[in-house]
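Given next are the chains, with one letter for each unit.
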Amino acid sequence: MGQITSGIGLISGINTAQLIEQLLAIEARPKALVQRRSAILTSQQVAFQDVNAKLLALKGSVSGFLSATGFKATAATSSDDKILSATSSASAVPGTYNFTVSRLVSSQQTITKGFADKDATAIAPTGGTLTFEFGDARLDSDSNLSNFNGGAGITRGKIRIIDRSGASAVIDLSRATKASDILDAINSSDGINVTASVDGDGFVLTDNTGLTTTNLSVSDVNNSGTAATLGLNIAAVGDTLTAAAVNTVGNDTSLAALNDGNGVRRKSAQPDFQITTRDGSVFAISVGSAATLGQLADAINTATAGAVTLTGSGASVQLTDNTAGGTTFEVTALSSSKAAEDLGILTSDGNGDGIITGSRVQANINSRLLKHLNGGTGVGLGTISITNRSGAATAVDLSTAVSINDVVSLINAAGAGVTASLNQAKNGLKLSDTTGAIASDLIISDVSGTAAADLGLDGSFAKSSVDSGNLQFQYVNDGTRLASLRGGLGVAQGKFIIRDSNGATSTVDLTQGNEVTIGDVLAEINSRGLAINARVNDNGDGILIEDLGGGAVPLKISEEGSTTARDLGLLGEATNPGDHINGSFEKTVAIEATDTLQQINDKINAAGLNVTASIINDGSPANPFRLSLAAKTAGKGGAFVFDDGGTGLGAVNFSEARNALVFFGSENPAQAIAIASATNTISSVVPGVTIGLKNPSTTPVTLSVTRDDKAVVDSVKKFVEGFNAVVTTIKKYDNFNKETEERGLLLGDSSLSRIQSSLYRLLNNRNTDLTGQFNSLAQVGIKVGSGAVLQFDEAKFRAALETDPAAVQAMFTFKETELNAKGETVTKAAGIGVRIDELLGTLTDSVVQSKLDQLGDQITLNTKRIANLDKALEAKRGRLEAQFVAMEKALALLQDQSSSLTALSNLASQASVFRSNR
């Protein structure tokens, strides 16, 4: 007989399934009790998680006033946002500052002459090379007025010029910072007919009226003192007023500004030169950290105990021997240092007068020193011969020339029928025949020395002018400061990787803080142990990395998380093994004879230069197409020298690269400090304030920096809101409704009681660790009010901040720590804010978490009990089902027996009948 599976007994007719469920329901009453308890525990767990979330939010709000920064927040307000805007940080000092925006940053734009078409005609039939130089390669300059008068600069203000007709004009030089500012202001003035120019180390005024009504004169306006500092307070001679020399060196002269900005090369921690005095004494001199000639003079005076003094003499340095005797007074180099050479004093006292006047270390106004041409090898001065195109020869003595302007002046004054000037690219010289003759070639040659050859002018030319080409002015040497490169943008102080041709690699690290000059970079590179040599290249315009390895892979330089290699011009890979990497700031673009203007444009853009080329149409009928070259970087950092290499592009600078100029500190620019910036954002003038320049102004703009309490007030508001959210949440769970007799989920919970009592106790008590006038929250407008919620009196809080901001800050942020016996840092004393933060940390990490852990453990135990009860119930179900099956089987058997007996009874009855019928 098979197993009975129906819920109704086949024999008994009993609903066994229902009966079993009823019996099991009685047995499951303990499980239901446990389930109800687990549900309550789970609800309590959720409730505590809710409380914990509110406590964590409250702790987060406390961070807003734990930092001193929040109490020092400031706000910056400009009197004219159209001229100047500003933002300030917590480090800004409240105050009022005046700014006059003289000019914004401008980018260089160079434009060529016009061409008939842009894509049909070859522009340079003979081809050539376009050169772009992104360093300070020009042979002209615009002298900084701050370098004048021995580094003391000039006094900015107003002067009055009276020409020889008696007319006068007031010239405003209150914003002048460059020599060109002086020249432009005078030459553009209305009312007088006077031309200003420079001659050597001073200015020259020339009267053009042709009259003699009065004398040409210059005087100060309102006792400015400007005329004197410009050397103009002297009498004119006829039509000319030749000012006194103002381009001089002295105690305030920056060593970095000497030698056309190449500075003074010095050895670190080693003596640079030796001075031998007439009494036979020998002194080792270290330039050290001297930044000015005055500081160097002090170092020499100290080292020699006054035996030798250093002063400025015109544009040279002068040493005076204060001793007497028969020994030669001389200076010799030490430690392979170039300092004495750069100071122009690497020489001896030839006439025995105890004075060494060095060679010139500062070029003429707006010029460059000849000694820095040809990559720093200079010019072999002597006499040159110029034969003009009419055949007349003139000898020009250049032996006295020191600056490039001297060469130009000496040639122009020689009457050779030739004029000298800088070439169009401003990186070389141009000589032009003015005779109009074509009888012979223009011939230039050396008579003595090598000046003609060194100046790129030597030769015979069947044309009326000759261009020297790039004379390779040196603006990079060992002493060049990294901060001065790239137009003052400087070099990122990061890391780069060099792989030599042998495959060895090493990282050059310029983040150590002692890499200030190119010499420091070279030393760092050469210390890496690679098969290379780093030095300044032969043109003096960058670093050369020489491959000394002879290996199988090309030399390669790559960045390591910075732009340092790129900024130094070194980023990249040599073409072949054995090739060097030249970090020259001069880049070239090759032009084919068949190239159109469009093709030249495309080649420049494909060269990866810091220049964008484009073609513009000026609308002219004949030759409207021009090539425009625009610097990608604004300001002096994007300045470039463009040399068309004789391709005939005829380029001129349409817009010069200039840095922004702002006058700071006084409403009168003449009394203010001139600030130059490579961008229209200035962050180094007022500490903690970032200033955005928007437009030039003729009047000063006032910038007000005030303390901004909004941040800390908002933080306190957020804290009060967070605290009250905690209180509300606790009340929701810990309450009893008398009317409905409904109990809160966490009514009477000891953990909640501990949380509330701890918080209220800390908020209401005075803090004995504080020594200021405020030691309780109630004193600054934070108190517990009705309903046990926190109330904030903002006016009272702001008044406390105004009265004693330091005391309010200490109340929230003060913290003093110490080491305990275990060496752990613990809080020794603290303000209320710190104590609240610590308490909340304890409550969330310990009290609430312990409760959550406890509830979790109980829920886990109940879950296990339920699982065990489920197993027992299943076992019970099995037994009951087996018992009912057995019962049905027994009933079935009884039923079978009953049927059999009935059958036997029927058979007996039938037999009896049968017998009766017989």
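Participant: Even after reading the chapter, I still don't get the packing of aromatic side chains, so can you show me in this structure?
Facilitator: Geometrically, a pair of aromatic rings is defined through the distance of the ring centres and the angle of the planes. For the coordinates displayed, the defined rule picks out 13 aromatic pairs. Arranged with centres 6.5 Å apart and planes meeting at 10°, the rings of F132 and F134 form a pair that is stacked. F134 shares its class with F132; the two are buried. Clustering of aromatic rings is evident, with ring pairs tying together F65, F71, F719, F792, F797 and F812.

Participant: I keep staring at the pattern of salt bridges and nothing clicks. Help me out?
Facilitator: Two side chains of opposite charge can pair, provided their charged atoms sit close to one another. Counted by the stated rule, this structure contains 28 salt bridges. Here D136 ties to R368 by a salt bridge, and the two come within 2.8 Å at their closest N and O atoms. Residue D136 is found in the loop between β5 (128-133) and β6 (158-162), and its partner R368 is found in the loop between β17 (355-360) and β18 (383-387); the two are separated by 232 residues along the sequence. Judged by relative accessible area, which is 41%, D136 ranks as partly exposed. Here R368 falls in the buried class, since its relative accessible area comes to 7%. A salt bridge links D342 to R265; its shortest N-O distance comes to 2.8 Å. Of this pair, D342 sits in helix α7 (residues 339-342) while R265 sits in the loop between β11 (240-242) and β12 (273-276), and the two are 77 residues apart along the sequence. The network of salt bridges with shared partners includes D50, K54 and K732.

Participant: When you look at the nonpolar core in this model, what are you seeing that I'm missing?
Facilitator: Most often, soluble globular proteins keep nonpolar side chains buried together rather than apart. Core analysis: the largest hydrophobic core is formed by 59 residues, its most contacted members being I545 and L568. Ignoring sequence-local partners within four residues, the contact set of I545 consists of I525, I532, N533, A534, L555, I557, L570, H580 and I581. With 48 residues, the next largest nonpolar core counts V713, F723, L759 and V847 among its residues.

Participant: Which parts of the structure should I look at to understand the environment of A462?
Facilitator: Within the secondary structure, A462 is located in the loop between β23 (459-461) and β24 (465-467). Exposure remark for A462: the relative accessible area of 61% places this residue in the exposed category. Not counting residues up to four positions away in its chain, the partners in contact with A462 are R389 and D441.

Participant: What is the right way to read the packing of helix α13 (residues 710-733) against helix α14 (residues 750-764) from this model?
Facilitator: Any two packed helices are characterised by the angle at which their axes cross and by the distance between the axes. Two elements in contact, α13 and α14, have axes whose closest approach is 11 Å; the angle formed by their N-to-C orientations is 150°. Regarding the angle of α13 to α14, the classification is roughly antiparallel. The element α13 and its partner α14 pack so that their crossing is left-handed. Together, F719, F723, V726, V727 and I730 of α13 and L752, I755, Q756, L759, Y760 and L763 of α14 make up the contact between the two elements. Across the contact of α13 with α14, the residue classes break down as 10 nonpolar, one polar and no charged.

Participant: Would you mind going over the layout of surface pockets with me for this structure?
Facilitator: Estimated volume of the second largest pocket: approximately 890 Å³. Lining the second largest pocket are 29 residues, with R266, S268, T517, G519 and D520 positioned closest to its centre. For the lining of the second largest pocket, the class distribution of residues is eight nonpolar, 12 polar and nine charged.

Participant: Honestly, the packing of helix α2 (residues 29-62) against α13 in this entry has me stumped. Any pointers?
Facilitator: Interaxial distance between α2 and α13 falls to 8 Å at its minimum, and their mutual angle equals 165°. In terms of axis orientation, α2 runs roughly antiparallel to α13. Two packed elements cross with a definite hand, and for α2 against α13 that hand is left-handed. Of the residues in α13, those touching α2 at A47, D50, V51, K54, L55, L58, S61 and V62 are S715, K718, F719, G722, F723, A725, V726, T729, I730, K732 and Y733. Of the residues that constitute the contact of α2 with α13, the class distribution is 11 nonpolar, four polar and four charged.

Participant: Teacher, can you tell me more about the sheet that holds strand β3 (residues 95-103) here?
Facilitator: For sheets, the rule is that strands pair by backbone hydrogen bonds, running either parallel or antiparallel. A sheet is described by the order of its strands in space; here five strands give the open sequence β1-β41-β3-β37-β38, paired in antiparallel fashion. Strands with a single pairing partner mark the edges of an open sheet, and in this sheet they are β1 (74-78) and β38 (673-677). Each neighbouring strand pair of the sheet contributes to a mean axis angle of 30°, computed without reference to strand direction. As paired elements, β3 and strand β41 (residues 701-707) share five bridges and run antiparallel to each other. Along β41, the bridge assignment pairs Y97 with L703.

Participant: I'm lost on the side chain of S78 in this one. Help?
Facilitator: Within the secondary structure layout, S78 lies in strand β1. A polar contact of 3.1 Å, which involves the side chain of S78, links it to the backbone oxygen of D80. Only 2.7 Å separates the side chain of S78 from the backbone oxygen of L84, close enough to count as a polar contact. Excluding residues that lie within four positions of it along the chain, S78 makes contacts with L84, S85, V701, T702 and L703.

Participant: Looking at this structure, how should I read the pairing of β12?
Facilitator: When a strand is regular, its side chains alternate between the sheet's two faces. In this sheet, strand β13 (residues 282-285) lies alongside β12 in antiparallel orientation, the contact comprising four bridges. Within β13, the residue paired with T276 across the bridge is V282. The antiparallel pairing of β12 with β13 creates a hairpin that spans five residues between the two strands, and G280 there sits at a positive phi of about 90°. Strand direction decides the pairing type here: β12 and strand β16 (residues 330-333), joined by four bridges, are antiparallel. Bridge pairing links T276 to E330 in β16.

Participant: Which parts of the structure should I look at to understand unusual backbone geometry?
Facilitator: Glycine aside, a negative phi is what most residues show, and trans is what most peptide bonds show. Non-glycine residue S335 carries a positive phi angle of around 55°. Tracing the sequence through the fold places S335 in the loop between β16 and α7. With phi around 60°, A788 is a residue other than glycine that occupies positive phi space. Structurally, A788 is set in the loop between β44 (782-784) and β45 (790-792). Owing to a relative accessible area of 28%, A788 belongs among the partly exposed residues under this scheme.

Participant: Whenever I open this one, the sheet that holds strand β4 (residues 109-111) confuses me. Can you help?
Facilitator: Read from one edge of the open sheet, four strands run β33-β34-β4-β36, paired in antiparallel fashion. In this open sheet, the two strands that pair with only one neighbour each are β33 (611-617) and β36 (652-655). Each strand axis lies, on average, 30° off the axis of its neighbour in the sheet, ignoring direction. Of the pairings in the sheet, the one linking β4 to β36 comprises three bridges and is antiparallel in character.

Participant: What is the right way to look at the pairing of strand β15 (residues 316-321) in this model?
Facilitator: In terms of burial, β15 is largely enclosed, as six of its six residues are buried. Going residue by residue along β15, you find S316, Q318 and T320 tucked away on one face and V317, L319 and D321 tucked away on the opposite face as well. With six bridges connecting them, strand β14 (residues 308-313) and β15 associate as antiparallel partners. Across the sheet, residue L310 finds its bridge partner in β15, namely L319.

Conventions and cut-offs
- Residues numbered from 1 in each chain as written.
- Predicted model: local features only at pLDDT ≥ 70, side-chain atom pairs only at ≥ 80, totals over all residues.
- Heavy atoms only, no water.
- Phe/Tyr/Trp six-rings, centres within 6.5 Å; stacked < 30°, edge-to-face > 60°.
- Buried < 20%, exposed > 50% of the residue type's maximum accessible area, 1.4 Å probe, protein only.
- Salt bridge = Lys/Arg side-chain N within 4 Å of Asp/Glu carboxyl O.
- Helix = DSSP H or I, 4+ residues; strand = E, 2+ residues; numbered from the N terminus.
- Core = buried A, V, L, I, M, F, W, Y, C linked by side-chain atoms within 4.5 Å.
- Contact = heavy atoms within 4.5 Å.
- Axes fitted to C-alpha atoms, helices over the stretch in contact; angles between N-to-C directions.
- Parallel < 35°, antiparallel > 145°, perpendicular 65-115°, else oblique.
- Left-handed = near helix turned anticlockwise from the far one by under 90°.
- Nonpolar A, V, L, I, M, F, W, Y, C, P; charged D, E, K, R; others polar.
- 1 Å grid on protein atoms, 1.4 Å probe; cavity = no way out; pocket = protein on both sides within 12 Å on 5 of 7 lines; lining within 4 Å.
- Points joined across faces, edges and corners; volume = space filled by probe spheres on them.
- Pairing = 2+ DSSP bridges.
- Polar contact = N/O pair within 3.5 Å; in protein donor to acceptor, adjacent residues only side chain to side chain.

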